[in-house]
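Architecture and fold: a report
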Amino acid sequence: MPTLVIVGAQWGDEAKGKMIDVLGSDSSVVVRYSGGNNAGHTVIFGGREFKFHLLPAGILHPGTLSVLGSGMVLCPSGLLKEIDDTRAKQAELGDLLISAAAHVVLPHHRRLDALEEEARGKGRTGTTSRGIGPAYTDKVQRIGIRMADLVDGPRFRERLEAVLEFKNRLITLLGGEPFAAAEVYDEYAPMAERLAPWVGNAEAAVQNAVAAGQHVLFEGAQGAFLDLDHGTYPYVTSSHPVAGGACLGTGIGPRDIDNVLGVAKVYCTRVGEGPFPTELDNEIGARIREAGHEYGTTTGRPRRCGWLDLAALRHSCRINSLSGLVMTRLDTLSGFPEVKASVGYEGLDGMPQTETEWREARPIWRTFPGWTGDLRSCRRREDLPAECLRYLEAVEEFTGTPAAILSVGPDREETMILRPDLVWG
Ligand code: IMP
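Rules of the game
- Residues numbered from 1 in each chain as written.
- Predicted model: local features only at pLDDT ≥ 70, side-chain atom pairs only at ≥ 80, totals over all residues.
- Heavy atoms only, no water.
- Salt bridge = Lys/Arg side-chain N within 4 Å of Asp/Glu carboxyl O.
- Helix = DSSP H or I, 4+ residues; strand = E, 2+ residues; numbered from the N terminus.
- Buried < 20%, exposed > 50% of the residue type's maximum accessible area, 1.4 Å probe, protein only.
- Near = heavy atom within 4 Å.
- Polar contact = N/O pair within 3.5 Å; in protein donor to acceptor, adjacent residues only side chain to side chain.
- Areas by Shrake-Rupley, 256 points an atom, 1.4 Å probe, with all protein chains shown as cover.
- Nonpolar A, V, L, I, M, F, W, Y, C, P; charged D, E, K, R; others polar.
- Domains from an automatic or database assignment.
- Contact = heavy atoms within 4.5 Å.
- Pairing = 2+ DSSP bridges.
- Core = buried A, V, L, I, M, F, W, Y, C linked by side-chain atoms within 4.5 Å.

**Some points on the pattern of salt bridges**
Applying the stated rule across the entire model yields 21 salt bridges. E273 serves as the salt-bridge partner of R124, at 3.3 Å between the closest nitrogen and oxygen. Here E273 lies in the loop between β12 (267-270) and α10 (283-291) and R124 lies in the loop between α3 (107-120) and α4 (132-140), a separation of 149 residues in the sequence. Judged by its relative accessible area of 37%, R124 falls in the partly exposed class. We classify E273 as partly exposed; its relative accessible area is 34%.

**Focus: the site of the ligand**
The immediate surroundings of the ligand are formed by 15 residues, with D13, N38, T128, T237 and R301 found nearest. Between an oxygen atom of the ligand and a side-chain N or O atom of N38, the distance comes to 2.9 Å. Interatomic distance of 2.6 Å between a side-chain N/O atom of T128 and an oxygen atom of the ligand. Across the complex, the protein chains shield 97% of the 470 Å² of accessible surface that the ligand would expose by itself. Tallied by class, the residues present in the shell around the ligand amount to five nonpolar, eight polar and two charged.

**Some thoughts on the domain arrangement of the protein chain**
Examined at the domain level, the protein chain breaks down into domain 1 (3-100 + 199-256), domain 2 (103-195) and domain 3 (264-422). Each of domain 1 and domain 2 was reduced to a C-alpha centroid, and the two centroids are 23 Å apart. Each partner contributes to the interface: domain 1 provides 26 residues, whereas domain 2 provides 23 residues. On inspection of domain 1 and its partner domain 2, the count reaches one salt bridge. A salt bridge links R194 to D84; the shortest N-O distance between them is 2.9 Å. Our enumeration of links across domain 1 and domain 2 arrives at eight residue pairs in polar contact (both at pLDDT 80 or more). Secondary structure elements with two or more residues in the side of domain 1 that touches domain 2: β6 (73-74), α2 (76-89) and β7 (95-99). In terms of residue count, the dominant contributor to the side of domain 1 that touches domain 2 is α2 (five residues).

**Quick look at the pairing of strand β13 (residues 304-309)**
Of all the six residues making up β13, six are buried; the element is thus mostly covered by neighbouring parts of the structure. With four bridges connecting them, β12 and β13 associate as antiparallel partners. The residue of β13 that forms the bridge with Y267 is W307. Two elements, β13 and strand β15 (residues 338-345), share two bridges in a ladder whose sense is parallel. Across the sheet, L308 pairs through a bridge with A341, a residue of β15.

**Section: the nonpolar core**
Membership of the largest hydrophobic core comes to 66 residues, with the highest contact counts inside it found for V5, F218, M327, L330, L333 and L384. Counting residues per element, this core draws most heavily on helix α13 (residues 386-399), at seven residues. Here this core gathers at least three residues from each of two domains, domain 1 (3-100 + 199-256) and domain 3 (264-422). Setting aside chain neighbours within four positions, we find V5 in contact with Y33, F218, A243, A246, I257, N259, V260 and L261. Grouped together as the second largest cluster of nonpolar side chains are 57 residues, I20, F50, L54 and L93 included.

Next comes the structure, spelled out in structure tokens:
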């Protein structure tokens, strides 16, 4: 079973970066399939901390090819900075291939992100302000600029002039300063030149690796409930973080995917606006935030914290067709006298459907005895405190999905692979 998709099973920030780093060393190819530098992965490697927003964590492994798929939106300056910063810390990196079909995030996208958020007023999304939504809007509007256009000088200039003529009208209407195409071109042409050697037919490279039976890891960004279709719309991102996005954003088909692992914390967090039924806007939530250092990698914003939403997690298992769960942060909840999880919502049969149902959803709580002790030294399931094991079993039973991997700390060693058969088969 050589292909594996790793997705965020909640609202993002589930510690996927660590998992991709742990499993990436066994992969020939690591492919990111959606989103842009709204994502943030922290990886501890060789005693150093790396923060990735665009590059797959596979880049740290010299024998691994890292691919940025067609489903992504790429900020050239952010990408180059990340490549330079990573190189400065570690000389030898893996190869990089950028899909010619990935879309480019340009300054007008960031300006529109800010202007559109302001125009939404009370209904603001709380975006990461990286221009992600407006870049995907251009893609869907069929006026986007792709990496293939960026690296083709005359075409880039021509496309930029046409797009800015359109978008400047919108920017001006919303009270912003328009852009001069010539200035944007002059700023971006040198970046395009640097990126050009990495831009190519990423879809063929991924298809060939899959056909050759190599280990190919598809790296999700954000989380299932930020998915444009399956998330808490309209408080979502503009791409497809769910497992199905791995097909859309890389050029493979559903039958090419063997295993799907969903990463979930033993509690929940969310950044930005939007419904969060199990949120704890109280001292327990604050305690989780401090214990788990729950501040955004990309924006530094404090994350909203709450108990595990088991009903939502079960739904996530279904929309992602999860083979197994990767439960993270078991160590963070150590020391809480009791731990709660929501097993449904009052008066609702199943998941909330509408924005109003999501906003008004009241959790049906199940309470578990808490656990104590330093879990970071646990290396086998049996090493866990009995209360923690019981909680874990309840999660598996309720979701109908086995825990394939457990994480008890930020380091690679603080990981238990319980079901290798659900990883590479
Ligand atoms: P955007 O992706 O910047 O358009 O933001 C849309 C929503 O998704 C906001 O609520 C963001 O906070 C959230 N979001 C985007 N990327 C991430 C992520 O990597 N982790 C958690 N939340 C994210």
